[in-house]
Amino acid sequence: RTQDYFQAVSNPPSPSLYYQLNQPVRFSLAVPQHHTHHVIANMQKLVCSARGTRSLATTTCRLPRVAAAPKSVVAGCRYRKCVVVRCQQVKTKTLHLMRHGTTEMNEYLSMYRYDAENFSDPMLYDTVLSPRGRAGAQAAAKTAARLQPEPELLVVSPLTRALQTAQLAFLPHYQGPILVEPLARERVWHASDIGSGRDKLQATFPEGRYDFSDLPDVWWYTVDPSNPRAVGLEPEDVFKERVMQFKRWLGSRPEETIAVVAHWGLLYELTSDGDSRGAEFENCQLRSYTLKVPLEAGSSSDGEGQSSAQVPVLRERMPNLLSALFR
């Protein structure tokens, strides 16, 4: 019966639509309300069995009358109450997200609220981990070593606190490739979010695990290009656009499992979805997410041909059913 639905929405009609492996599935169809769950489940099975690890993302929209839906969607539907199921094939990735350890600036902010009228920026440029932060990152190494699935790529913000955290939490056991990516940097709030130049970073981390050769000399947001050390708030729209670019960049990567070491503001915005709030990460906290990347016709599994208009969707992976019920 599900095969009949596939045949009805293909153009031209073809009973073997779900075997056409070179074209991603994207369509809408109307189904009787009481058949919705069965149809979605069967479509998932058909697509996943034919296309390996890819999956099908579905959203539903309940209609009071069939006439409310486009004619092409409800053609041949005999039921007055029906549900429109919009389906699009996606590829999925696993993201292991981690916030850096406690820094000197974090400890300062625990004593002086940044939104207080008399707040004064201590001007801790490119703040580093405190002794408590280093201990926390070392303790997190046990959790990072047990991540499943294991990361195929480690992406780290170029800010020193993130590089130090990755060095302590991942590098003792991780032997894969590492990318130092400016898109993962924190929003500029204070001097602590102003970064260090390429030469200084190479001198700070001489072990050779980090490659700074492609890093621009000034990679952070600047209010005055002639004075990169000037401190000014990064505009919200500029920051949001950068995070969206970072999310698309993660979706376009060929790796299926990626670990990211970044910052509170970056991770909060990255995990937010429209009007819903993002996740508030504690220092050294690790959380795993599933990134669903919509595929367009003509695109391939390695991300080539992806439409820039398609926004990947991030959902936290729940460790078990009980925690999912009480989310």
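Check the entry above for the structure.
In this text, all values refer to a predicted model and were calculated from it rather than measured experimentally. (Residues numbered from 1 in each chain as written. Predicted model: local features only at pLDDT ≥ 70, side-chain atom pairs only at ≥ 80, totals over all residues. Heavy atoms only, no water.)

Before going further, it helps to examine unusual backbone geometry. The peptide bond linking Gln-148 to Pro-149 adopts the cis configuration, its omega dihedral lying at -5 degrees. The topology assignment puts Pro-149 in the loop between α5 (131–145) and β4 (153–156). Not every positive phi belongs to a glycine, and Asp-126 is a case in point at roughly 45 degrees. Relative to the assigned elements, Asp-126 resides in the loop between α4 (104–111) and α5. Not every positive phi belongs to a glycine, and Cys-284 is a case in point at roughly 65 degrees. Among the structural elements, Cys-284 can be located in the loop between α9 (264–271) and β7 (286–294). (Helix = DSSP H or I, 4+ residues; strand = E, 2+ residues; numbered from the N terminus.)

Applying the stated criterion to the full structure yields nine salt bridges. Among the ionic pairs, Glu-236 bridges to Lys-240, the shortest N-O distance being 3.8 Å. Highlighted residues: Glu-236 and Lys-240, both in helix α8 (residues 236–252), separated by four residues, approximately one helical turn. The class for Lys-240 is partly exposed, based on a relative accessible area of 34%. One salt bridge in this structure joins Lys-240 and Glu-269, with 3.1 Å as the shortest N-O distance. Here Lys-240 is found in helix α8, whereas its partner Glu-269 is found in helix α9, with 29 residues between them in sequence. (Salt bridge = Lys/Arg side-chain N within 4 Å of Asp/Glu carboxyl O. Buried < 20%, exposed > 50% of the residue type's maximum accessible area, 1.4 Å probe, protein only.)

As a further point, take the nonpolar core. Ranked by size, the top nonpolar core spans 32 residues in total, and within it Leu-154, Val-156, Phe-170 and Tyr-210 carry the most contacts. Elements with a contribution of two residues or more to this core: α5, β4, α6 (160–169), β5 (178–180) and β6 (257–262). Of the residues forming this core, the biggest block, five residues, is contributed by α6. Contact partners of Phe-170, with chain neighbours within four places excluded, come to Met-98, Ala-144, Leu-147, Leu-154, Thr-165, Ala-259, Val-261 and Leu-286. The next biggest cluster of nonpolar side chains, apart from the first, holds 23 residues, and it includes Phe-239, Phe-246, Phe-281 and Leu-291. (Core = buried A, V, L, I, M, F, W, Y, C linked by side-chain atoms within 4.5 Å. Contact = heavy atoms within 4.5 Å.)

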